[in-house]
Number of protein chains: 2
Amino acid sequence: MERPLPPRAILLTWVTAAVAAASTPSSALAEGRRWTLDDQLTVPELRAIAIAADGDSAAYVTRVADRATDKTVARLTLVDLKSGASRELLRADWIDQLRRIPGSKAWSALIDRGEGVQLYRIEADGQVVPIIVHPATVRFGEVDGWLLPGFAHAPLGVGVKAYSWSPDGRWLFYLVLDGIHPERGVQHDERVAELRGMRRPRGQATASFYLRAADGSTQLVATRPRSDLRTLASKGDVNWTATGFEYVLMDAEESGRQRKRTMAWSFAEKRSREMGSTVQIASWMLPGPRGGGLAAEGLGDRREIIETDGHGRRHSYGLFPFSVGHGAAFGGFRTTNGRRAIVNARTIEDARYGIAVIENRGLRTIWGEASLTKCDFTPTLDAGACIAEGQTKPPAIVKVDVDAGEVEPVASVSPQHEEIEALKVTPRSWINRYGHKATGYVVWPRDYDARARYPAIIVTHGTDADQRFAVQENQWEYPVQMLAERGYVVLLVNDPAPRQNAEIRDAYDAWTLQRAALAPEDMRKLLWLSGVASFEAAVEELAAEGIIDKERVGIAGYSRGSQMVNVAMTHSTMFRAASSGDGAYLEPVYEPDMPDSYHAVFGGSPFDPKFLPNYRALSPSLRAAEACGAILQQVAAPHTGAIDFYKALRAAGVPAQLSHFAGEDDSSDETHIFHIPSNRMAAMQENIAWFDYWLKGERDPASISASRYAEWDRMKRAAPTRCPVVKQPA
Amino acid sequence: MERPLPPRAILLTWVTAAVAAASTPSSALAEGRRWTLDDQLTVPELRAIAIAADGDSAAYVTRVADRATDKTVARLTLVDLKSGASRELLRADWIDQLRRIPGSKAWSALIDRGEGVQLYRIEADGQVVPIIVHPATVRFGEVDGWLLPGFAHAPLGVGVKAYSWSPDGRWLFYLVLDGIHPERGVQHDERVAELRGMRRPRGQATASFYLRAADGSTQLVATRPRSDLRTLASKGDVNWTATGFEYVLMDAEESGRQRKRTMAWSFAEKRSREMGSTVQIASWMLPGPRGGGLAAEGLGDRREIIETDGHGRRHSYGLFPFSVGHGAAFGGFRTTNGRRAIVNARTIEDARYGIAVIENRGLRTIWGEASLTKCDFTPTLDAGACIAEGQTKPPAIVKVDVDAGEVEPVASVSPQHEEIEALKVTPRSWINRYGHKATGYVVWPRDYDARARYPAIIVTHGTDADQRFAVQENQWEYPVQMLAERGYVVLLVNDPAPRQNAEIRDAYDAWTLQRAALAPEDMRKLLWLSGVASFEAAVEELAAEGIIDKERVGIAGYSRGSQMVNVAMTHSTMFRAASSGDGAYLEPVYEPDMPDSYHAVFGGSPFDPKFLPNYRALSPSLRAAEACGAILQQVAAPHTGAIDFYKALRAAGVPAQLSHFAGEDDSSDETHIFHIPSNRMAAMQENIAWFDYWLKGERDPASISASRYAEWDRMKRAAPTRCPVVKQPA
């Protein structure tokens, strides 16, 4: 199971290479190679890192596509923070909740080694020993009988869901799940109605908390029903105290809302009592040194970092050009004596991740050469280990001296990606015609020639185009780097920043809280049309600079990005081709599944003549006849809304393709973020073929889409004459 | 496997009992017992009968719910047509295509004995021998990977799909199916879009025709793709000739339409050639003695029976008060010398089934005491055996002397149902305010007392309330006879007869052909509102006669009946409670799945402001706020349209329940006509509880719905005040 990685000395070239790539034309570095599709596929997902208590070593978890088994596999690697020597300890279908075991040199993690997800102890020598193994009778994922939906993973059987060690290592708190055999027979009302928006039927289960003492004796703490969604989603977020621990339950009320109950278990009494529903427990927020929770407030280019204690008292640490507590990075830490707290920090523009150290004297930051996206610290918060990455910087392990505020490279995470000569990537921002600013990046074609005009593709997905390395969650199966290798200017464009002003923030708040607080025309403008205007501003700017050819511009995005792509294609005539990934929010068919959300956006039902005009002004399928470019939809399941858009486009004569990527078997689906390597390759190849065909007029007989060209030709010939003809290069 | 039935002498009491029941108050017959729910459940479905060539015996197939195994099981029974002695030869999950084997005393049938549906020979002593066993790699039913959808049966594995013996018994033509392993990976366009309206993904297969000679040598005739839907649905409809046989293929054209090809196989050449696409083969129509096809034409109370030959020449046999070739009864027969043909006949009002004998001299009919619903005849068409039944006549076997035109009872099919004292059932018809006539039956409460006014329930399902015995296909899980036992007047009401005039016929034609030929307001009136007006006319009439209490009227229907129930409940305030079964046609969500059908009814898309008013005038969910009675929907799958109606009713404060009856497992569903006995019992019990509660104010602590009363109470209290209060008996 152990696979040695090259020693530190060889790998540290990444730092200089990456820095050089960002400042000089990359063609100057003759030693690197070009991106391949395999490189796109095998960019590691950075899951977690855990540092040893003595700060000498760290273990980290990545997930990487494995083409041989056609699975995304998890890897646990141990790195010596002094020498940089790395050893792969374990490969498994799933590794999660990696933690050091207090008072030992060993690690613990939830691992699926073939008997479902269970709790194991991993020795530094790679030996794996079960701690808790519970029959895995429930499933997580996009699968029949799911308990929680999948997030980029194959269907998982789960026995142990979560755990927590007491700081002294004497107590183990853990949560196991027991599937309830699905009832046959009759179901009523909401149990039936919820299936409307649900492709896979849900399973039933109970969740049980246990506490194991040092002597091995085990006590049942509580058994919770499926309706306690907080418990089902728990990662073991327990607040250990001197006399026991605190934890939170949720009770489903008749209205469907959840009521929170904070409980305290007493070691002495061997039972829990309720602490009251308003009690905040610091460990589940970003803990500040004052015992409160940290948050970043405000609008514009600066954020005020504020600590609020359990009584609502607020302490401001000042205004900073960054926010704290971003969900994409590591969480928060606090020493037991309260002298120091650490949370992640993320800059507002050209966003990179760093470390905010908060002490009574104030807040300071530690930034590395790259973004520090996953970090862990010793109990004293003196030393840390992080996974570092950037737009042109493949992931690597770094160590952090918190007192000195220093970051030192240790080892590469992915030698394969070190071999690639970095592309040139430059941050930019654009002001659109509404005066709203959107940030992003220009990924330049390999061997960019300023005398040529290039075709361009916008890739968009909300707000996560930032200083990380080719992240699947941002760029999905749009192979941004390969597209740049193939001569496209790729623009990674974020939504207009939601917190740049009160108007946009209010629109997001209304949307998130599902309140019809703004007029539908304002929601439409602030949440969708302003983004489209940003895309247009970016294209106009690069065209005006002579960089791109306005006649050959495409757009791609999944999820939130699919909304933007579908709206862009039915409001703007700027884009000749589009790829829209696994999303169909805004389609009227979903209104009954999420009436509050839709009413916040549209005002009411599409069948109410008062509100129908709002749908006709925004829902992509109702504006299909406005579309002027070829639209590919790639979906992880046959979503009704995506089918409606496809059918409406075809009915309007607009070139359209709907591609469904199947799951492992008939009882499961591909996930929203794809996890099946062959699907990922096929989707990336299809995107390349689609844009090459519609933007560059190129066809490749060896392409996965070669059998589709006849249909694409037919659609091109039949396309509406009202639309500009696609410019065909010789 | 053999279960002796009581001898004929005992059973023939059914004839006199049934006749008596129809003419005198049934309470006069003290010896019978009352209906039970078990009686409702175990009414046998009459599948087929096959008479021996010598006319001495017949085998017949029924399907009956078996509570012990919770399956609907098929039974093959052999009856001696002279003595009436019956023996059950076989019980299996499925028995179909029962035929005599020419030149032998044995029978053949497609049977599922645990290895999928295969072809077997059944000797008169009950011995079962395989003829063709092919690996059953395809599934039929409401099941993942289905090849054809299910019709009231559990998922079936099918090896042999169809077969036919040559008249001399020397040749066996048969059709086997081979599943194609479902493709994983990417699917495009229509393959994805078709999943919108499809809960279970479809499987792929090929179908192969074979011909086996008397010496056992076997020849492949053709292998057909899945797109040849005619072949997939084949029952072995081959036309044997002296030199070979003729059969029909369908080729799917690019437009999606199917093109017919008629083929002729030559025994001598051992290959097929195409006969031309316009050739009609008599055996697939109702064959007439002149070698043409028979049909009943015309409107009103009489039909003209016409034979049309392959050249379009028409011969009229005259005007008759019946039609021929009804799909619910047996098909057509013709002697090889063409001297005689036989088809089923069905009267226009108080519809009963009989036999039309057509000879060169003209057409004559044979009617029994009851309807003759399934019949078979000896090769000369001199003698026949039928299954006979009526509204108050449990099924029995009769024999037919065709020359004499006589029908003679032979044996009971269901002794259990002979024990029941028949309810009084009287045919009626009603003219509604549009001048349209609807036929039906009044099922009287047990011990009817003319001084009392009774609660009433209309049960409706298109046009099949006729002289048959408690047919599930008509009354579904509405236990009509039990409701009458419980003191309801039950009205079985058909749609206004589609062929009573040209206006209604044209509306049905436009609907069936999916052509927007009539204005949406005319379609609405002729296909739905006229039916509602008929229900109202029936209620008014019986209320005016002092029979029923207008304040306690309910309505129930499934499928076509569910449309009528949902429209009735959102247009009329006459009904206090409704049960709507497994249908949601007319809901706007299905427009993209069947645009032609919806455009024929509504004119266009619901999102077109021009057509939205047509939806708001008819789609039940858009009229939920008009509803005044409690609406139960019972569904075999969580249909989106049914969920939309449920949600709209709840949002409008209208008492509503949605009950879903699950399939055998997560990969399959209950069928449109239920086949799982426990579901059938639960649905019937729920319907009784629902009507007892909402119409009579009764609650039964032992009811399956007892745990629902609190919710029903809550809904009743919250019901809209605009609606009349339900009258509560003390």
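### What about the relation of the copies chain B and chain A?
Note on the identical chains: chain B maps onto chain A by a rotation of 179 degrees and an axial translation of 0.0 Å, with an RMSD of 0.1 Å. The transformation just described matches what one would write down for a two-fold rotation axis. A share of 100% of the interface residues of chain B reappears at the interface of chain A, consistent with the copies meeting face to face through the same patch.

### Overview of the state of the cysteines
All names here are of chain A. Across all of its chains, the model carries two disulfides over all chains by this definition. Between Cys375 and Cys386 runs a disulfide, and the two sulfur atoms are separated by 2.1 Å. On the S-S bond that ties Cys375 to Cys386, the torsion sits near 110 degrees, and the link is right-handed. On the criterion of sequence distance, the pair formed by Cys375 in strand E29 (residues 371-377) and Cys386 in strand E30 (residues 383-390) is long-range, its members being eleven residues apart. Take Cys375: its relative accessible area is 5%, and that puts it in the buried class. The class for Cys386 is buried, based on a relative accessible area of 0%.

### Focus: the sheet that holds strand E19 (residues 258-266) of chain A
All names here are of chain A. Read from one edge to the other, the open sheet built from four strands follows the order E17-E18-E19-E20, with strand pairing classed as antiparallel. Looking at which strands have only one partner, the edges of the open sheet turn out to be strand E17 (239-240) and strand E20 (271-274). Relative to E20, E19 is paired through four bridges, and the arrangement is antiparallel. Bridge pairing in E20 places Ala264 opposite Arg273.

### Observations concerning the environment of A:Asp509
All names here are of chain A. Turning to its location among the elements, Asp509 is positioned in helix H9 (residues 502-512). You can call Asp509 partly exposed: its relative accessible area is 35%. Along the primary structure Asp509 and Pro498 are separated by eleven residues, whereas in three dimensions their C-alpha atoms are 9.5 Å apart.

### So, the packing of helix H10 (residues 520-544) of chain B against helix H11 (residues 560-571) of chain B
Residues and elements named next belong to chain B. Remark: H10 packs on H11, axes separated minimally by 9 Å, with the N-to-C direction vectors making an angle of 75 degrees. Judged by the angle between their axes, H10 and H11 are roughly perpendicular. Contacts from Leu527, Trp528, Leu529, Gly531, Val532 and Phe535 of H10 reach H11 at Arg560, Gln563, Met564, Val567, Ala568 and His571. Residue composition of the contact of H10 with H11, by class: eight nonpolar, three polar and one charged.

### Points about the pairing of strand E29 (residues 371-377) of chain B
Here E29(B) lies mainly inside the structure; seven of its seven residues are buried. Where E29(B) folds back onto strand E30 (residues 383-390) of chain B in an antiparallel hairpin, the turn is made up of five residues, including B:Leu381, whose phi is positive at roughly 60 degrees.

### Quick notes on helix H15 (residues 677-696) of chain B
With 20 residues, H15(B) should cover 28 Å at 1.5 Å per step; its first-to-last C-alpha distance of 27 Å lies within 8% of that length. Counting buried residues along H15(B), 18 of its 20 residues qualify, which places the element largely inside the surrounding structure.

### Topic: the pattern of salt bridges
Inspection of every chain in the model, using the stated rule, returns 116 salt bridges over all chains. The shortest N-O distance in the salt bridge between A:Glu269 and A:Arg271 comes to 3.7 Å. A salt bridge links B:Arg340 to B:Asp382; the shortest N-O distance between them is 3.4 Å. With B:Arg340 in strand E26 (residues 340-347) and B:Asp382 in the loop between E29 and E30, this pair connects stretches of sequence that are 42 residues apart. Three or more residues are tied together by salt bridges with common partners; here these are A:Arg340, A:Glu359, A:Arg361, A:Arg364, A:Asp382 and A:Asp403.

### Focus on the confidence of the model for chain A
Residue and element names in this part refer to chain A. When pLDDT is averaged along chain A, the result is 91; 93% of the residues meet or exceed 70. Here residues 1-29 is a poorly scored stretch, pLDDT under 50, and it has 51 contacts once near neighbours within four places are set aside; other chains count. Across the interfaces of the predicted complex, the ipTM metric reaches 0.89, alongside a pTM of 0.91.

### Side note on the packing of aromatic side chains
Here a ring pair, both rings aromatic, is described through the centre-centre distance and the interplanar angle of the planes. All chains considered together, the criterion is met by 75 aromatic pairs over all chains. Pairing A:Phe330 with A:Phe377 gives two aromatic rings, centres 6.1 Å apart and planes at 65 degrees, and the pair type is edge-to-face. Of the two residues, A:Phe330 sits in the loop between strand E24 (322-324) and strand E25 (333-334) while A:Phe377 sits in strand E29, which places them 47 residues apart along the sequence. Residue A:Phe330 shares its accessibility class with A:Phe377, and that shared class is buried. On the numbers, 5.2 Å between centres and 70 degrees between planes, the contact of B:Tyr585 with B:Tyr598 is edge-to-face. Here B:Tyr598 lies in helix H12 (residues 595-602) and B:Tyr585 lies in the loop between strand E38 (577-581) and H12, a separation of 13 residues in the sequence. Pairwise contacts between aromatic rings join A:Trp171, A:Phe173, A:Phe209, A:Trp240, A:Phe245, A:Tyr247, A:Trp265 and A:Phe267 into one cluster. Cation over ring: A:Lys424 sits above A:Trp444, and NZ or CZ is 4.6 Å from the ring centre.

### What to know about the packing of H15(B) against helix H16 (residues 709-718) of chain B
Residues and elements named next belong to chain B. At a closest axis distance of 12 Å, the pairing of H15 and H16 adopts a crossing angle of 40 degrees. Crossing angle aside, the handedness with which H15 passes H16 is right-handed. Here Ala689, Trp690, Tyr693 and Trp694 of H15 lie close against H16, whose contacting residues are Tyr709, Trp712, Asp713, Met715 and Lys716. Class assignment for the residues of the contact of H15 with H16 results in seven nonpolar, no polar and two charged.

### Let's talk about the interface of chain B and chain A
Between chain B and chain A, the residue contacts involve 47 residues of the former and 47 residues of the latter. For the pair chain B and chain A, the two sides together bury roughly 4,000 Å², of which 56% comes from carbon and sulfur. Considering only the surface of chain B that becomes buried against chain A, B:Arg184, B:Asp189 and B:Phe607 emerge as the three largest contributors, covering 18% of it. Joining chain B to chain A, the criterion identifies six salt bridges.

### Brief notes about the sheet that holds strand E15 (residues 204-212) of chain B
All names here are of chain B. The four strands are arranged E12-E13-E15-E16 in an open sheet whose pairing can be described as antiparallel. The two strands at the open ends of the sheet, each matched to only one other strand, are strand E12 (160-165) and strand E16 (218-224). Across this sheet, the average inter-strand angle for adjacent strands is 20 degrees, counted without regard to direction. With nine bridges connecting them, strand E13 (residues 172-180) and E15 associate as antiparallel partners. Of the residues in E15, the one forming a bridge with Val176 is Ser208.

The rules behind the values
- Residues numbered from 1 in each chain as written.
- Chains lettered and ligands numbered in written order.
- Predicted model: local features only at pLDDT ≥ 70, side-chain atom pairs only at ≥ 80, totals over all residues.
- Heavy atoms only, no water.
- Least-squares fit on C-alpha atoms with pLDDT ≥ 70 in both.
- Contact = heavy atoms within 4.5 Å.
- Disulfide = S-S within 2.5 Å.
- Helix = DSSP H or I, 4+ residues; strand = E, 2+ residues; numbered from the N terminus.
- Buried < 20%, exposed > 50% of the residue type's maximum accessible area, 1.4 Å probe, protein only.
- Pairing = 2+ DSSP bridges.
- Axes fitted to C-alpha atoms, helices over the stretch in contact; angles between N-to-C directions.
- Parallel < 35°, antiparallel > 145°, perpendicular 65-115°, else oblique.
- Nonpolar A, V, L, I, M, F, W, Y, C, P; charged D, E, K, R; others polar.
- Expected span 1.5 Å × (residues − 1).
- Salt bridge = Lys/Arg side-chain N within 4 Å of Asp/Glu carboxyl O.
- pLDDT = per-residue confidence, 0-100.
- Phe/Tyr/Trp six-rings, centres within 6.5 Å; stacked < 30°, edge-to-face > 60°.
- Lys NZ or Arg CZ within 6 Å of the ring centre and 35° of its normal.
- Left-handed = near helix turned anticlockwise from the far one by under 90°.
- Buried area = accessible area lost by both parts, 1.4 Å probe.

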